[in-house]
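Chain and residue survey
For reference, the chains in residue letters:
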Amino acid sequence: MSDYPISGYHGRVLVADLSRGEVRTVPLDPETALGYLGGRGLATRLLYDTIDPACDPHGPDNAFVIAASPLIGTNAPTAGRGHMVFKSPLTGVIGTSNSGGTWGHAFKSAGYDALVVTGAAASPVMLDIAPGRAEILPAGHLWGKTTHETNDILAAASEPGRPARVLCIGPAGENLVRFAAVANDRNRVYGRCGPGAVWGSKKLKAVRVQGREKISIADPEKYQSGLDQAIYLMKQAPVTKRLMRDLGTAGLVELINLIAMLPHKNFQDCVHRDEDVERVSGETLAKTLLEKAGSCYLCPIGCQRHTRVPGRAGGEERGEGPEYETMVLMGPLCGIYDMAAITRANYRANELGLDTMSYGGTVACAMELAERGLIGREEMGGLDVSFGGAEALETLVGMTARREGLGAELAEGAQRLAAGRGRPELAMTVKKLEIPAYDPRASYTQALGYMTSPSGACHLRGGYAVSLAFFGGAKEIPRFSLLQSPIAIRNMQNTGILQDSLGVCRFTGYAFSADPWARMASGVTGRDLSVARLEEIENRVATLERQFNIEAGATAEDDALPDRFADVPVVVEGRERRVSRDDQERMKRDYYRIRGWDEEGRPTPELRRALGIAERRR
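Residues numbered from 1 in each chain as written. Predicted model: local features only at pLDDT ≥ 70, side-chain atom pairs only at ≥ 80, totals over all residues. Heavy atoms only, no water.

Details of unusual backbone geometry
For the bond from Gly-321 to Pro-322, the omega torsion is 10°, close enough to zero to count as cis. Along the polypeptide, Pro-322 turns up in the loop between β15 (316-320) and α12 (324-329). Of note in this structure, Leu-176 is not a glycine but carries a positive phi near 60°. The residue Leu-176 is located in the loop between α5 (171-174) and β10 (182-184) in this model. Positive phi is not limited to glycine here, since Lys-432 has a value of about 70°. (Helix = DSSP H or I, 4+ residues; strand = E, 2+ residues; numbered from the N terminus.)

Structural data, given as structure tokens:
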């Protein structure tokens, strides 16, 4: 137990300087803890205080921060997620990524609230963390190994009742692929924005944690009231009670196609044959590949898919996934409806440490470039890099992770690939981050979410607008409302900030909103963390993320969709829909105003003072 003045925290931040080979523990300022809560909020504040946002993402002056929350260590549903922030090598702005599994809980039980890693080692290293002990150890014997191999080697140090949990990169991170992931529990990943490349540039292969430290709950009665309500509501809501366990996230494929939002051929359209969509649906996955459902730590939802698939060389392979985003972005976005090929490529991406979302978006871009004759056959190495080329999908994963042949260009992401071929407009990205598997022309709210997401095109950091109009069967927010979209997406983004800062799963939002979390957080800490106070924290974090990006060089011009979405319509409910430049501009300006930023999207000094955002503490 900690003697820290706020329950739910240990009051300790572990700081590792890889350049100096030093590890030290520093106290967590209580005002910072309460002002930023944990997870995404706390990590963002610590990163802002540690680095210059204008630094080189691949240089030793970049850092990454992983933070837990006061709920981690309790029995709050899904409270075991870690959140990592860094300057992204892919986008040049703040990178923010989230992972489930067990590592987040294990890190908190090692006795720390956050991990800050700075500098760069001269040769491969790992961090080994336990209560009262943190060491930088050589890791040359692990360099070149897959995420699965690394996990299994390091997890073998487990003791009865004290499992070793591993966070690591694969060859993609070692080779500085700009969208390399960091993996834990073998197949859980901090995927988006390229955290693996940050680790690779620091020569950091892995972080292993072990521990049994507990946290105290200040007001058990208040905490329990929030917990009881949360559990009750999760047992009632169809998404958390049944849908995700039965079909996983891939169960969305048929729905997203039904609402004319399922992208096709690098977002050229949203037109698919029904029989093709059925081939990559959650229902088909459940009938043909699923072995069992699984869960992250303390999760009653159970959306993980443990699957098996025929191997290309015979026999069977086993792994996890594919999830909805992987299924669509490696599938229909590339004109591919071969579930086995998609699943094998997903397995390889997990093993080699690639973000499947950016990988799928980059391959789709390459396929359109090839379709237009901008990638020659001699450059393809005998592969069919064209829409529908399922055989190339798995092979290109390895080529990308190792930067071999055409894979060296794919490793740079869609924006740099397309720009290098003279057609930057063929990259479907915002702030150089590849767009998720929801076509923005089918929802102005989702379009604005991509535009204003702090990390680039992201349905999580930008706000998951699809749920506003369709889940639960009621269209509370019309998806083509220019007036309501800025308010709606601000609210969705704030909800995401709260969930990420508490270290809980986004899917809980299908069952309940902030009130149960407010009571649980207040009960754990013994402090006033009412819904109103949580909203203040959400606005503070959103504004600090924006301030980071402004100082990194981002401007209002970066808050825009690719030209295709303004120029080429899709048909939704019998009408042609596009997101015109005028509509983008109107929604963006209204959003800035609602956020309290100026007309150029810059947080004003007055707003920063009102939100209590201190100057950078360096």
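What follows picks up the thread again.
Looking at the packing of aromatic side chains
Scanning all chains against the criterion turns up 13 aromatic pairs. Judged by centre distance (5.8 Å) and plane angle (80°), the rings of Tyr-591 and Trp-597 are edge-to-face. Assigned by exposure class, Tyr-591 and Trp-597 land together as buried. For Arg-540, the ring lying beneath its charged end belongs to Tyr-36, and the centroid distance is 5.9 Å. (Phe/Tyr/Trp six-rings, centres within 6.5 Å; stacked < 30°, edge-to-face > 60°. Buried < 20%, exposed > 50% of the residue type's maximum accessible area, 1.4 Å probe, protein only. Lys NZ or Arg CZ within 6 Å of the ring centre and 35° of its normal.)

Overview of the domain arrangement of the protein chain
What the domain assignment lists for the protein chain is domain 1 (12-209), domain 2 (248-434) and domain 3 (443-510 + 530-611). The straight-line distance from the C-alpha centre of domain 1 to that of domain 3 is 27 Å. Listed as interface residues are 34 residues of domain 1 and, on the opposing side, 28 residues of domain 3. When the two sides are added together, the surface that domain 1 and domain 3 hide from each other amounts to roughly 2600 Å², 64% of it contributed by carbon and sulfur. Here domain 1 is connected to domain 3 by two salt bridges. Remark: the boundary between domain 1 and domain 3 carries 13 residue pairs in polar contact (both at pLDDT 80 or more). The set of elements that each furnish at least two residues to the side of domain 1 that touches domain 3 consists of α1 (30-36), α2 (39-50), β4 (82-87) and β5 (94-99). Examining the composition of the side of domain 1 that touches domain 3, we find that seven residues originate from one element, α2, more than from any other. Tallied by class, residues from the side of domain 1 that touches domain 3 come to 15 nonpolar, 14 polar and five charged. (Domains from an automatic or database assignment. Contact = heavy atoms within 4.5 Å. Buried area = accessible area lost by both parts, 1.4 Å probe. Salt bridge = Lys/Arg side-chain N within 4 Å of Asp/Glu carboxyl O. Polar contact = N/O pair within 3.5 Å; in protein donor to acceptor, adjacent residues only side chain to side chain. Nonpolar A, V, L, I, M, F, W, Y, C, P; charged D, E, K, R; others polar.)

Topic: the state of the cysteines
Taken as a whole and judged by the stated rule, the model has zero disulfides. Cysteine Cys-55 shares no disulfide, and the gap to the nearest cysteine sulfur, in Cys-193, comes to 15 Å. The thiol of Cys-296 is unpaired, and the distance to the nearest cysteine sulfur, on Cys-299, comes to 6.2 Å. (Disulfide = S-S within 2.5 Å.)

A word on the packing of helix α7 (residues 220-236) against helix α21 (residues 514-525)
Where α7 contacts α21, the two axes come as close as 7 Å, and the packing angle between them is 155°. Considering their axes alone, α7 and α21 lie roughly antiparallel with respect to each other. In the packing of α7 onto α21, the handedness of the crossing is left-handed. Residues Lys-222, Tyr-223, Ser-225, Gly-226, Leu-227, Gln-229 and Ala-230 of α7 form the contact with α21, whose participating residues are Asp-515, Pro-516, Arg-519, Met-520, Ser-522, Gly-523 and Val-524. Here the contact of α7 with α21 is built from residues that sort into six nonpolar, five polar and three charged. (Axes fitted to C-alpha atoms, helices over the stretch in contact; angles between N-to-C directions. Parallel < 35°, antiparallel > 145°, perpendicular 65-115°, else oblique. Left-handed = near helix turned anticlockwise from the far one by under 90°.)

Re helix α20 (residues 485-502)
The end-to-end C-alpha separation of α20 is 26 Å, in line with the 26 Å expected for 18 residues at 1.5 Å each. The buried fraction of α20 is high, at 15 of 18 residues. One or two residues past the end of α20 sits Gly-503, with phi positive at roughly 75°. (Expected span 1.5 Å × (residues − 1).)

Examining helix α13 (residues 339-352)
With 14 residues, α13 should cover 20 Å at 1.5 Å per step; its first-to-last C-alpha distance of 20 Å lies within 8% of that length. Counting buried positions over the 14 residues of α13 gives 13, a clear majority of the element. Immediately beyond the C-terminal end of α13, within one or two residues, lies Gly-353, with a positive phi of roughly 85°.

Notes on the pattern of salt bridges
Per the counting criterion, the structure on display carries 50 salt bridges. Measuring nitrogen to oxygen at the nearest pair gives 2.9 Å for the salt bridge that ties Arg-40 to Asp-500. Placement of Arg-40 in helix α2 and of Asp-500 in helix α20 is noted, with a sequence separation of 460 residues between them. Neither Arg-40 nor Asp-500 differs from the other in exposure class; each is buried.

What to know about the sheet that holds strand β1 (residues 12-17)
If you walk across this open sheet you meet the six strands as β2-β1-β6-β3-β4-β5, and the pairing is mixed. Only two strands of the sheet have a single partner each, and these edge strands are β2 (22-27) and β5. Pairwise comparison of adjacent strand axes, ignoring direction, gives a mean angle of 15° for this sheet. The sheet contact formed by β1 and strand β6 (residues 114-118) spans five bridges and is parallel. In the sheet register, Asp-17 faces β6, and the bridge partner there is Thr-118. Set on the sheet, α2 makes contact with β1, β3 (64-67), β4, β5 and β6; between it and β4 the angle comes to about 30°. (Pairing = 2+ DSSP bridges.)

Some thoughts on the sheet that holds strand β12 (residues 204-209)
The strands that make up a sheet are held in pairs by hydrogen bonds between backbone atoms, and each pair lies either parallel or antiparallel. Spatially, the six strands line up as an open sheet ordered β8-β7-β12-β9-β10-β11, and their pairing is mixed. In the strand order of this sheet, the two ends are held by β8 (133-138) and β11 (188-190), each with one partner. Recorded for the sheet is a direction-independent mean angle of 20° between the axes of neighbouring strands. As paired strands, strand β7 (residues 125-130) and β8 are joined by six bridges and run antiparallel to one another. Each bridged residue has a counterpart across the sheet, and for Val-125 the counterpart in β8 is Pro-138.

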